[in-house]
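Spelled out, the chains give:
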Amino acid sequence: MAAGPAISNIPEFSVSEISQAVKRTLEGTFERVRVRGEVSGFKRAASGHLYLALKDENAVLDGVCWRGVAGRLSIQPEDGMEVIASGRITSYPGRSKYQIVIDSLELAGQGALLKLLEDRRRKLAEEGLFDEARKRPLPFLPGVIGVVTSPTGAVIRDILHRLEDRFPRRVLVWPVLVQGDGAAEQVAAAIRGFNALPAGGAVPRPDLLIVARGGGSLEDLWAFNEEVVVRAAAESEIPLISAVGHETDTTLIDFAADRRAPTPTAAAEMAVPVRRDLMLQSADLERRMLAASSRLLEERRVQLEGLGRGLVDPRRLLEEMAQRLDERTERLRAAWDRLMAEGRGQLDRLAAALPHPRQLLAVKREQAAAAGERLERLRPRLLTERRGELDGLGRVLESMSYKRVLKRGYVVVRGPEGAITDPDAVTPGLPLDLEFAAGRATATGGGDQPVAGDSAKPARKAATSKEPGRRKKPGPDDSSDDPQGSLL
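Here is what the cut-offs are and how they apply
- Residues numbered from 1 in each chain as written.
- Predicted model: local features only at pLDDT ≥ 70, side-chain atom pairs only at ≥ 80, totals over all residues.
- Heavy atoms only, no water.
- Helix = DSSP H or I, 4+ residues; strand = E, 2+ residues; numbered from the N terminus.
- Contact = heavy atoms within 4.5 Å.
- Areas by Shrake-Rupley, 256 points an atom, 1.4 Å probe, with all protein chains shown as cover.
- 1 Å grid on protein atoms, 1.4 Å probe; cavity = no way out; pocket = protein on both sides within 12 Å on 5 of 7 lines; lining within 4 Å.
- Points joined across faces, edges and corners; volume = space filled by probe spheres on them.
- Nonpolar A, V, L, I, M, F, W, Y, C, P; charged D, E, K, R; others polar.
- pLDDT = per-residue confidence, 0-100.
- Buried < 20%, exposed > 50% of the residue type's maximum accessible area, 1.4 Å probe, protein only.
- Polar contact = N/O pair within 3.5 Å; in protein donor to acceptor, adjacent residues only side chain to side chain.
- Pairing = 2+ DSSP bridges.
- Right-handed = clockwise from strand over helix to strand, strands pointing away.
- Axes fitted to C-alpha atoms, helices over the stretch in contact; angles between N-to-C directions.
- Left-handed = near helix turned anticlockwise from the far one by under 90°.
- Phe/Tyr/Trp six-rings, centres within 6.5 Å; stacked < 30°, edge-to-face > 60°.
- Core = buried A, V, L, I, M, F, W, Y, C linked by side-chain atoms within 4.5 Å.
- Salt bridge = Lys/Arg side-chain N within 4 Å of Asp/Glu carboxyl O.
- Expected span 1.5 Å × (residues − 1).

K.L.:
Give me the lowdown on the overall build of the protein chain, citing residues and values where you can.
P.N.:
Across its full length, the protein chain carries 12 helices and 16 strands. In the protein chain, once contacts between residues fewer than 6 apart in sequence are set aside, the share between residues at least 24 apart is 63%. Entry remark: accessible area of the protein chain is about 32900 Å², with carbon and sulfur atoms responsible for 56%.

K.L.:
Mind laying out the layout of surface pockets, listing which residues take part and the relevant values?
P.N.:
Space left empty within the atom packing is revealed by a probe, the size of a water molecule, rolled over the atoms. Counted as a void, the largest pocket has a volume near 600 Å³. Mapped by element, the contributors of at least two residues to the lining of the largest pocket are strand S5 (97–107), helix H3 (110–126), helix H5 (183–196) and helix H6 (227–235). When grouped by side-chain class, the residues that make up the lining of the largest pocket number nine nonpolar, eight polar and 10 charged.

K.L.:
Describe in detail the confidence of the model for the protein chain, supporting the description with residues and values.
P.N.:
For the protein chain, per-residue confidence averages 83 on the pLDDT scale, and residues scoring 70 or more make up 89% of the total. Across the protein chain, the element-wise mean pLDDT spans from 41 in strand S15 (residues 462–464) up to 95 in strand S6 (residues 144–149). Predicted confidence for residues 451–486 stays below pLDDT 50, and this span has 54 contacts to residues more than four positions away or in other chains.

K.L.:
Outline the side chain of Ser150, supporting the account with residue identities and numerical values.
P.N.:
In this structure, Ser150 sits in the loop between S6 and helix H4 (154–166). Overall, the relative accessible area of 16% leaves Ser150 in the buried class. For Ser150, the side chain forms a polar contact with the side chain of Thr152, separated by 3.3 Å. Once residues within four sequence positions are removed from consideration, Ser150 is found in contact with Ile156, Val176 and Val178.

K.L.:
Quick rundown of the pairing of strand S7 (residues 170–175)? Include the residues and the values.
P.N.:
Strand residues, when the strand is regular, have side chains that alternate between the two faces of the sheet. Pairing of S6 with S7 involves six bridges; the strand directions are parallel. Paired with Val148 across the strands is Trp174, a residue of S7. Handedness of the S6-H4-S7 crossover: right-handed.

K.L.:
Any chance you could break down the packing of H4 against helix H8 (residues 264–271) for me, citing the residues and the numbers?
P.N.:
Geometry of a packed helix pair, given as the angle between the helix axes and the separation of the axes. Here H4 crosses H8 at 30 degrees, and the two axes come no closer than 8 Å. As H4 runs across H8, the sense of the crossing is right-handed. Note on element contacts: H8 touches H4 through Pro264, Thr265, Ala268 and Glu269, opposite Val155, Asp158, Ile159, Arg162, Leu163 and Arg166. For the contact of H4 with H8, the residue count by class is five nonpolar, one polar and four charged.

K.L.:
A description of the packing of aromatic side chains should follow, citing residues and the corresponding values.
P.N.:
A complete count under the given rule lists two aromatic pairs for this structure. Ring plane angle 35 degrees and centroid distance 5.4 Å describe the contact between Phe130 and Phe255, whose orientation is recorded as tilted. With Phe130 in the loop between H3 and S6 and Phe255 in helix H7 (residues 252–256), the pair connects residues that are 125 residues apart, well separated along the chain. Phe130 gets classed as buried once you look at its relative accessible area, which sits at 12%. Taking the relative accessible area as the measure of exposure, Phe255 reaches 32% and is therefore partly exposed. For the pair Trp174 and Phe194, a centre-to-centre distance of 5.2 Å together with 70 degrees between the ring planes defines the contact as edge-to-face. Placement of the pair is Trp174 in strand S7 and Phe194 in helix H5, with a sequence separation of 20 residues. With relative accessibility at 31%, the residue Trp174 sits in the partly exposed group.

K.L.:
Account for the nonpolar core, with residues named and values stated.
P.N.:
Counting 58 residues, the largest nonpolar core has Val83, Ile100, Leu107, Val187, Ile191, Val211 and Trp222 as the members making the most contacts within it. For this core, the element with the highest residue contribution is H5, accounting for seven residues. If we ignore the near neighbours within four places in the chain, the residues touching Val211 are Val148, Val187, Ile191, Phe224, Leu240, Ile241, Ser242, Ala243, Val244 and Ile253. In terms of nonpolar packing, the next biggest core, distinct from the first, is built from 20 residues, Ala212, Ile241, Ala261 and Ala267 among them.

K.L.:
So what's going on with the sheet that holds strand S3 (residues 60–65)? Which residues, and what values?
P.N.:
Note on sheets: strands pair through backbone hydrogen bonds, and any given pair is parallel or antiparallel. The sheet built from five strands closes into a barrel, its strands ordered S1-S2-S3-S5-S4 with mixed pairing. Ignoring strand direction, the axes of neighbouring strands in this sheet form an average angle of 55 degrees. Of the pairings in the sheet, the one linking S3 to S5 comprises three bridges and is parallel in character. Among the inter-strand pairings, Asp62 is bridged to a residue of S5, identified as Gln99. Sheet contacts for helix H1 (residues 15–29): strand S4 (82–92) and S5; angle to S4, the most-contacted strand, approximately 145 degrees.

K.L.:
Can you lay out the pattern of salt bridges for me, pointing to particular residues and giving the numbers?
P.N.:
Within this structure, the stated rule accounts for 27 salt bridges. Ionic pairing is found between Arg162 and Glu269, a salt bridge with its closest N-O pair at 2.7 Å. Placement of the pair is Arg162 in helix H4 and Glu269 in helix H8, with a sequence separation of 107 residues. When the shortest N-O distance is used, the salt bridge between Arg333 and Glu330 registers 3.3 Å. Residue Arg333 and its partner Glu330 are both found in helix H10 (residues 314–353); the two are separated by three residues, about one turn of the helix. According to the relative accessible area criterion, Arg333 is partly exposed, its value standing at 44%.

K.L.:
Go over H5, please, and point to the residues and values.
P.N.:
For H5, with 14 residues, the first-to-last C-alpha span of 20 Å sits near the 20 Å given by 1.5 Å per residue. Turning to H5, its buried residues are Ala183, Ala184, Val187, Ala188, Ala190, Ile191, Gly193, Phe194 and Asn195.

And the structure:
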């Protein structure tokens, strides 16, 4: 016979019941704790929550800081940083692990603070934020001074009192927290706010900034070691004086500022000169300038007198020059008279060598009369010679005329459109003009047309209307060498 299942008195729980029981136990036992450890595995989620682990040489405790608390932490955690986290212990059932929910965070001891400070200083120095080349000179006498400090502390009163004693200036105060949560962000915002003021606006833009705070412990001055403050001071276009703490206190803003003052009162002394000292200095410079001017004038007067003794008396120079001018004038006048006399004599000689115009006219008149007589004698002979030349040319032209051809029995045939040289152009009834050596006659074309190239056939007949015994008078072109017709 088989044995049945063993019966136990141990109660049975679900996983959720066990998880909730553990959660209640942890939260009831460790309602509020402070845990010291080294930060490891730090990361910031996209949601803004912070996740990290606190560890020592034997154990590890997970930690979480919700987004609403993370923005108010006095320090931002980094890997390797030893901190003291305050919060409550709880569990996360989804991972079956316990963790601390952090609501505040502080460095564990001043040694850790100093290590963090040195690491941050080295990091910012490597970026060049502390280079001397970045630092600007302070204005000699700023018109407006901006002060970033607490409005209720003794610092602002010390600065205003010192400025009033030395050289009163207009002061703009940007009130900020100088320690605690949010102090670093307010100081950085004040520095950037002063730099953002437009020149010539309703609120005047400061010519100089002073960031000031009284003395305190390293933790009290920690806001001025934050990166946001150091970067704002390094980026400031307005020259900036850092006056944080006492003379022995050093913060990172001191390295980024253009000048570091040991105390806020010393910052006011750096900002402006002493008005009375300036007035005394101005009076002393004025006195020295007047004395130097008097000495310079005296030296120039003595030097001028010494140079004057080496110069000739100007009146004597003028007298010599006047005498020399008179001498030159006399010589010029004599030379002019000689020049005029020589020119006049030369003109007379030239005039004597030239003939009289009447004589020239008489000679030309005689020459013209003699030439006229010679021309009259030569004119008959020249006319005879030219007439003979014209007759010879006429005979040559007559020998070349077509009328000599007409005397050999040829005829010039003309139609209405001019001379006819082609027998095919003669049509029946065409009026013709016939020019003979003895005169002209008219005719009309008609009869059979001859075959070109057939010389055996009789010539074509032509009906003429010639009037016998009547000769046509020669026309205007009868004497022309060009008959403008055909010779038949």
